Amino acid sequence: MSDLALSFRRRALGHASFAVGGALTLLLLLAALVSLVWTPWPFDELDIPHKLLPPSAAHWFGTDSLGRDVLSELLAGARTSILVGAIAVGIGVVLGTALGLLAAARRGSIEELAMRFSDFAFAFPAILSAVMLSALLGPGIVNSIVAIGIFNVPVFARLTRAQAKAVWAREFVLAARAAGKGGFRITLEHVLPNILSVIVVQATIQFATAILAEAALSYLGLGTQPPQPSWGRMLNEAQLQLLQAPRLAIFPGLAIALSVLGLNLLGDGLRDLLDPRLARKR
Amino acid sequence: MALLEVENLEVRLKTVRGMAAAVRGASFALERGERLGLVGESGSGKSMTALALLGLLPEGAELAGSIRFEGQELVGLAESELCRLRGDRIGMVFQEPMTALNPLHTVGRQVAEPLRLHRGLSNPAAHEAAVALLDRVGLPDAERRAHAYPHQLSGGQRQRVVIAMALACAPDLLIADEPTTALDVTLQRQILDRLAELSEESGMALLLISHDLGVIAENTRRMLVMYGGSIVESGPTAAVLQRLAHPYSQGLLGARPRLGAGRGNRLATIPGSAPELAEIPSGCPFAERCRLAIDACRAAPPPPEPVGPGHVARCIRLDAAGVRP
């Protein structure tokens, strides 16, 4: 087992997209962690006399139109991105995977019901369901998490069902049934472990989508509300000074782009590493 | 009372062209400790018969007739009741040892599974029992190999693991569906011998399914020949093989490759090909390929005709086949 782990590590470091994606993702995580204990300035401290300062030793990335330190806002914004992404993808993974596993195990009308339900949920893009939820419950970070989470449920439900059905068709499942195991045990002990890697890869990629969706919602004013830090809201506020201080849009834009890129590369790399057969086919 | 009594078993499968009968009216019985062979070519319905016994037919399949195991009717039995029988009283060994094991669990854990499930053994006790089982089926160095993953074992070793899994709860009946087809000939012999010994030792009944008459001849006392979903001939293995009565059985024996047949001699074959399930005629399923077929063969399913003591063939042309004077 340990030589298996060792060879995995060697392959992982040699895999370009995994290494680059992993580094970018690590940077994102690090930014969020650091912001919990330290930011150069308090991220929500207004300092109107020092507004729109260019980068300097005191404010590395300058200040925005209300005199807030951009670097501090960026660091704290990473926190929001990760929080929204993790919870929203968590909702999607838990509910979606459960639904998909149920559909694959029970077949028949239960499968139909689960899949039609997921079609229904899939029909509403994250933005649209967020607009709906905001209209109903008012804008805010919780509603954007719920909206993005709901959007993720069918993604995982469909993936899980397709993958689980393939495992159910394999002979070792028939052998497990012949050994007297019921559907629940087979699902937990045979089906889920065999599709876990696919779910992990998808979760990584959905995490990127969730960060993007959170930024979009906040940009539209439907997500995170001030004074909570958010990259999307920073972009929104930056458009008023786009010509005077384009860096105010460039920094959060870069943060979003690099995070999404990093997570996507990490997901691709993970897929190649966890399923070498797929890698060869590509 | 026989251990297993199957009467008029009918299995219909859902296919793209509608329901197709895979097993049509099969009846047989199996005594405690008896070794019964079921021989037939691919698509003859032998695997479906085996799966029907365990209630593991594919989705959408229809099952009719009666399967009594120790007097208990299995047809229509609740899934939870079937789960209790499977792996405990009835074990099954599958054809492909390469795919019958979960690649993510150690083989020791997989062998221990039925013991934890049906006997409620604790993990250490189940592991100990699993090692003993692996040793019993002839896996060398069982203690160490119990911690191996399936990909670390050879095909023969894996098949021993599969057999150990099926034997874990000391079932009364073991169904072995082509257990050695994927293995080479020497391994085949070792594994079949081991299965026969285990059946002797524990009084376990064995239903051995194979397309190989040689395997059936050496390992069973009674045999059934299946064609097109029907049992066309049955009887004591020695008597049946000595005096194959049904034209299909005769063809099957004739089509065996023989050592020393010489170069250039083509292998004898049965003309035509096995019928599609949906197209099996209402009369004798073999009529379309049989050189002795007459109109009456196609009219109705032939009744069982006695050939010898306990030896029966479903053929109305036994005299023409040279069986009866």
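Conventions used here
- Residues numbered from 1 in each chain as written.
- Chains lettered and ligands numbered in written order.
- Predicted model: local features only at pLDDT ≥ 70, side-chain atom pairs only at ≥ 80, totals over all residues.
- Helix = DSSP H or I, 4+ residues; strand = E, 2+ residues; numbered from the N terminus.
- Rg over C-alpha atoms; globule rule 2.2 N^0.38 Å.
- Contact = placed C-beta atoms within 7 Å.
- Pairing = 2+ DSSP bridges.
- Axes fitted to C-alpha atoms, helices over the stretch in contact; angles between N-to-C directions.
- pLDDT = per-residue confidence, 0-100.
- Buried ≥ 20, exposed ≤ 12 C-beta atoms within 10 Å, placed from the backbone.

A few words on the overall build of chain B. Counting secondary structure elements, chain B contains 11 helices and 12 strands. Over its C-alpha trace chain B gives a radius of gyration of 21 Å, about what one expects of a compact globule, namely 20 Å for 325 residues. On the principal axes, the C-alpha backbone points of chain B span a range of 65 × 50 × 40 Å. Taking all contacts inside chain B whose residues are at least 6 apart in sequence as the whole, residues at least 24 apart take part in 63%.

Our next topic: the sheet that holds strand β11 (residues 305-308) of chain B. All names here are of chain B. Spatially, the 8 strands line up as an open sheet ordered β6-β7-β8-β3-β9-β10-β12-β11, and their pairing is mixed. Edge positions in the sheet fall to β6 (90-93) and β11, since each of these pairs with one other strand and no more. Neighbour-to-neighbour, the strand axes of the sheet open up by a mean angle of 20 degrees, direction not taken into account. Where β11 and strand β12 (residues 311-313) come together, 3 bridges link them in antiparallel fashion. Residue pairing in the sheet places Pro-306 in a bridge with Val-312 of β12. Strand contacts of helix α6 (residues 155-167): β6 and β7 (173-177), with the helix running at about 170 degrees to β6, the strand carrying the most contacts.

Below, the discussion takes up the confidence of the model for chain B. Residues with a pLDDT of 70 or more make up 97% of chain B, whose mean pLDDT is 88. Interface confidence for the predicted complex, given as ipTM, is 0.83, next to a pTM of 0.81.

All names here are of chain B. Counting buried positions over the 5 residues of β7 gives 5, a clear majority of the element. On β7, burial covers both faces: Leu-173, Ile-175 and Asp-177 on one face and Leu-174 and Ala-176 on the other are all buried. Here β6 runs beside β7; their pairing, made up of 4 bridges, is parallel. From the neighbouring strand, Met-92 faces β7, where its bridge partner is Ile-175. One ladder, built from 5 bridges, connects β7 with strand β8 (residues 205-210); its direction is parallel. Each bridged residue has a counterpart across the sheet, and for Leu-174 the counterpart in β8 is Leu-206.

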